[in-house]
Amino acid sequence: MGRKAAIIGGGVIGGGWAARFLLNGWDVAVFDPDPEAARKIGEVLANARRSLPGLYERALPPEGVLSYHSDLAEAVAGADWVQESVPERLDLKHGVLTRIMAAAPADAVIGSSTSGFKPSELNEKGARAIVAHPFNPVYLLPLVELVGASDQTAKAADILRTIGMFPLTLRKEIDAHIADRFLEAVWREALWLVKDGIATTEEIDEAIRMGFGLRWAQMGLFETYRIAGGEAGMRHFLAQFGPCLTWPWTKLMDVPDFNDALVDLIAGQSDAQSGHRSIRDLERLRDENLVGIMRALKRTGSGAGGVIRAHEQSLPLGGTGPDGLPVTLDIQVPTSFVDYNGHMNEARYMEVASRASDRFMAMVGADDAYIAGGFSYFTAENHIRYFAEIAIGDRVTVTTQALGGDGRKLHLLNRFWTGGETPAATVETLLLHVDLSTRRVVAPEGPVAERTAAYVAAHADHPRPDRIVLNQPRG
Ligand SMILES: NC(=O)C1=CN([C@@H]2O[C@H](COP(=O)(O)OP(=O)(O)OC[C@H]3O[C@@H](n4cnc5c(N)ncnc54)[C@H](O)[C@@H]3O)[C@@H](O)[C@H]2O)C=CC1
Ligand SMILES: C[N+](C)(C)CC(=O)CC(=O)[O-]
């Protein structure tokens, strides 16, 4: 049976949670008295559908069912996870949590998105909520800070991993958890810089995005500073910059007077900086950049990239495609694959086929361990045929046929299926088996040779393409 999440409060964060659960196959029930809630969540969902699948080389599970409810008790009935995301006011959260407690199953995780309240404050009226503090956009960023009873945070952590998130469980409760204390310090300093006329909002953003912001996504603060200490590492860094802490480098102890003048100054500069773009437009730009950054991190397994890799491994791949051949890739086309003509760019066909061939290599035993042992396959030739357009969001299931695997050559046909009765494209590939120490072509031996021969034999009676271009007799 499917799992159910109840989203109480469907604004910026509740909408993001709804998308995260839904796109990972959970049914989602929303309660939000705002008559515009369905429209707003619909727009968040559209952004999530454009971006989240682009992180993975495997398809996410089929979407769950989304429902809206005018009654909180109806929304939370039968839920495995209830997420409270109403505005950051303690009295409001107390009232909502009391109503959740009265209607939610006794074993449901009850999470609060609160940016700063502690569980002891949230539960003053007898609730048993934990803090499950996410980051915007919730459907893309993996971090969730968990605070509260250890049996509940442990249960929550296990669930969060299954939806591609990174639970960080706090050792003890503290106002604003870990990340928001940090963000608040940076934000306060930025407000001072604007108020004192030292920098504009745009100049502050340049100072972040042109420099240290790029470093933080992949190594954080301390690992970055370790490197900044040179060969002597962290100790040298501390010796050099520790004394600066007592110099007047920050004004963190003071809070600028948060009055109308400061609001007008900041909001005015922000309008001048970004007012020519709609919020939805900015969200799409942000999401596309985040997907690109996270895909780069996935290559090295750094930071969020490691989380995506682990989640991807847990997504099922296998079985057979519409033609009865093994599925070697199953993806949803992300924005970044689409070009100025509004369809998947030719370079991406090669990327998709290359990943499918990698998977087939692993299936015959030429996997990471085999390559580390000194042997691999190199591609010698490719031939792409386009039969139908592939658009953003299309699900592409690739099946691979072993057309030949005699001796040193491995001849494959990758068919791209997008729902039609015939493939939308095919990529024929000829690979050569190589000894990586000599860089010379050699025949595979042992299990790789045997499994390849078995696949070739098994696929021999399967219909072959009407035109085979590669590995043909000369003449
Ligand atoms: N916006 C952000 O960057 C982040 C916010 N948070 C936290 O998430 C929570 C929600 O914040 P946002 O989504 O930004 O606020 P928001 O203002 O975008 O959304 C709040 C939603 O709650 C609904 N609501 C109000 N009273 C309600 C009630 N009694 N029952 C059900 N729904 C009700 C509103 O109609 C609205 O749709 C806050 O606790 C906030 O601190 C956490 C991480 C980031
Ligand atoms: C500004 N904020 C305190 C609401 C920020 C957060 O809670 C997390 C985020 O997404 O930056």
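Residues numbered from 1 in each chain as written. Chains lettered and ligands numbered in written order. Predicted model: local features only at pLDDT ≥ 70, side-chain atom pairs only at ≥ 80, totals over all residues. Heavy atoms only, no water.

**Quick notes on the layout of surface pockets**
Part 1 of the argument: When its volume is computed, the second largest pocket comes out at roughly 870 Å³.
Part 2 of the argument: Put simply, the parts of the chain that give the lining of the second largest pocket at least two residues each are α12 (279-300), α13 (304-314), β9 (327-332), α14 (346-363) and α15 (368-372).
Part 3 of the argument: When residues in the lining of the second largest pocket are grouped by element, the largest group, 7 residues, is from α14.
Part 4 of the argument: Of the residues assigned to the lining of the second largest pocket, the class counts are 7 nonpolar, 3 polar and 13 charged. (1 Å grid on protein atoms, 1.4 Å probe; cavity = no way out; pocket = protein on both sides within 12 Å on 5 of 7 lines; lining within 4 Å. Points joined across faces, edges and corners; volume = space filled by probe spheres on them. Helix = DSSP H or I, 4+ residues; strand = E, 2+ residues; numbered from the N terminus. Nonpolar A, V, L, I, M, F, W, Y, C, P; charged D, E, K, R; others polar.)

**Re the nonpolar core**
Nonpolar side chains tend to gather and get buried jointly when the protein is soluble and globular.
Part 1 of the argument: Counting 40 residues, the largest nonpolar core has W17, F21, L55, W81, L140, L146 and L160 as its most contacted members.
Part 2 of the argument: Among the elements that take part in this core, helix α1 (residues 12-23) stands out by supplying 6 residues, more than any other.
Part 3 of the argument: Dropping the residues within four chain positions of it, L146 is found in contact with I130, V131, A132, T153, A156, A157, L160, P167, L168, T169 and L170.
Part 4 of the argument: Counting 23 residues, the second-largest nonpolar core is a separate cluster that includes A6, L72, V96 and I100. (Core = buried A, V, L, I, M, F, W, Y, C linked by side-chain atoms within 4.5 Å. Buried < 20%, exposed > 50% of the residue type's maximum accessible area, 1.4 Å probe, protein only. Contact = heavy atoms within 4.5 Å.)

**Regarding empty space enclosed by the protein**
Part 1 of the argument: Counted according to the given criterion, the structure contains 3 cavities of 30 Å³ or more.
Part 2 of the argument: Estimates place the volume of the largest cavity at around 50 Å³.

**Let's talk about the site of ligand 2**
Part 1 of the argument: Near ligand 2 the following residues occur: S115, H133, F135, N136, D180 and L183.
Part 2 of the argument: Within the side chain of H133, one N or O atom sits 2.7 Å away from an oxygen atom of ligand 2.
Part 3 of the argument: In this structure, an oxygen atom belonging to ligand 2 sits 2.7 Å away from a side-chain N or O atom of D180.
Part 4 of the argument: Each residue belonging to the shell around ligand 2 can be placed in one class, and the counts come to 2 nonpolar, 3 polar and 1 charged. (Near = heavy atom within 4 Å. Polar contact = N/O pair within 3.5 Å; in protein donor to acceptor, adjacent residues only side chain to side chain.)

**Examining the site of ligand 1**
Part 1 of the argument: Taken together, 21 residues lie around ligand 1, and I13, D32, E88, K93 and S115 are the ones closest in.
Part 2 of the argument: In the model, an oxygen atom of ligand 1 is placed 3.5 Å from a nitrogen or oxygen of the G11 main chain.
Part 3 of the argument: A distance of 2.7 Å separates an oxygen atom of ligand 1 from a polar atom in the side chain of K93.
Part 4 of the argument: Those elements giving two or more residues to the shell around ligand 1 turn out to be α1, α4 (90-103) and β6 (130-134).
Part 5 of the argument: Considering every element that reaches the shell around ligand 1, the biggest residue donor is α4, with 3 residues.
Part 6 of the argument: Counted by class, the shell around ligand 1 contains 9 nonpolar, 8 polar and 4 charged residues.

**Some words on the UniProt feature "binding site: NAD(+)" (unreviewed entry) in the protein**
Part 1 of the argument: UniProt tags G9, G10, G11, V12, I13 and G14 as "binding site: NAD(+)" (unreviewed entry).
Part 2 of the argument: Within the secondary structure layout, G9 lies in the loop between β1 (4-8) and α1.
Part 3 of the argument: Look at G9 and you get buried, because its relative accessible area is 9%.
Part 4 of the argument: Leave out the neighbours within four places in its chain, and G9 touches G14, F31, D32, S85 and V86.
Part 5 of the argument: Counting through the fold element by element, V12 comes out in helix α1. (UniProt positions renumbered as here; feature names shortened; annotations may be inferred.)

**Quick notes on the pattern of salt bridges**
Part 1 of the argument: Under the definition given, this model contains 25 salt bridges.
Part 2 of the argument: For the salt bridge of K298 with E57, the shortest nitrogen-to-oxygen distance reads 2.5 Å. One end of the pair, K298, is in helix α12; the other, E57, is in the loop between α2 (37-51) and β3 (66-69), and 241 residues separate them in sequence.
Part 3 of the argument: By relative accessible area, K298 is classed as buried at 10%.
Part 4 of the argument: For E57, a relative accessible area of 10% puts it in the buried group.
Part 5 of the argument: Taking the shortest distance from any N to any O, the salt bridge between R161 and D158 comes out at 3.1 Å. (Salt bridge = Lys/Arg side-chain N within 4 Å of Asp/Glu carboxyl O.)

**Quick notes on the packing of α12 against α13**
Part 1 of the argument: Two elements in contact, α12 and α13, have axes whose closest approach is 7 Å; the angle formed by their N-to-C orientations is 75 degrees. Classified by the interaxial angle, the pair formed by α12 and α13 is roughly perpendicular. On α13, the residues that touch M294, L297, K298, R299 and T300 of α12 are A304, G305, I308, R309 and E312.
Part 2 of the argument: Looking at the contact of α12 with α13 residue by residue, the class counts come to 4 nonpolar, 2 polar and 4 charged. (Axes fitted to C-alpha atoms, helices over the stretch in contact; angles between N-to-C directions. Parallel < 35°, antiparallel > 145°, perpendicular 65-115°, else oblique.)

**Examining the domain arrangement of the protein**
Part 1 of the argument: Taken domain by domain, the protein consists of domain 1 (4-177), domain 2 (180-276) and domain 3 (327-459).
Part 2 of the argument: A C-alpha centroid distance of 30 Å is found between domain 1 and domain 2. (Domains from an automatic or database assignment.)

**A short note on the sheet that holds β3**
Whenever strands of a sheet pair, they do so through backbone hydrogen bonds, lying parallel or antiparallel.
Part 1 of the argument: One open sheet holds the 8 strands; their spatial order is β3-β2-β1-β4-β5-β6-β7-β8, and the pairing between them is mixed. Of all the strands in the sheet, just β3 and β8 (166-169) have a single pairing partner and so form its edges. The sheet shows a mean angle of 25 degrees between the axes of neighbouring strands, direction not considered.
Part 2 of the argument: In the sheet, strand β2 (residues 27-31) pairs with β3 via 4 bridges, with the strands oriented parallel. Among the inter-strand pairings, F31 is bridged to a residue of β3, identified as H69. (Pairing = 2+ DSSP bridges.)

**Describing the packing of helix α7 (residues 179-195) against helix α8 (residues 201-219)**
Part 1 of the argument: Where α7 contacts α8, the two axes come as close as 10 Å, and the packing angle between them is 145 degrees. The hand of the α7/α8 crossing is right-handed. Every residue of α8 that contacts α7 at F182, A190, L193 and V194 is listed here: T201, I204 and W216.
Part 2 of the argument: Of the residues belonging to the contact of α7 with α8, the class tally is 6 nonpolar, 1 polar and no charged. (Left-handed = near helix turned anticlockwise from the far one by under 90°.)

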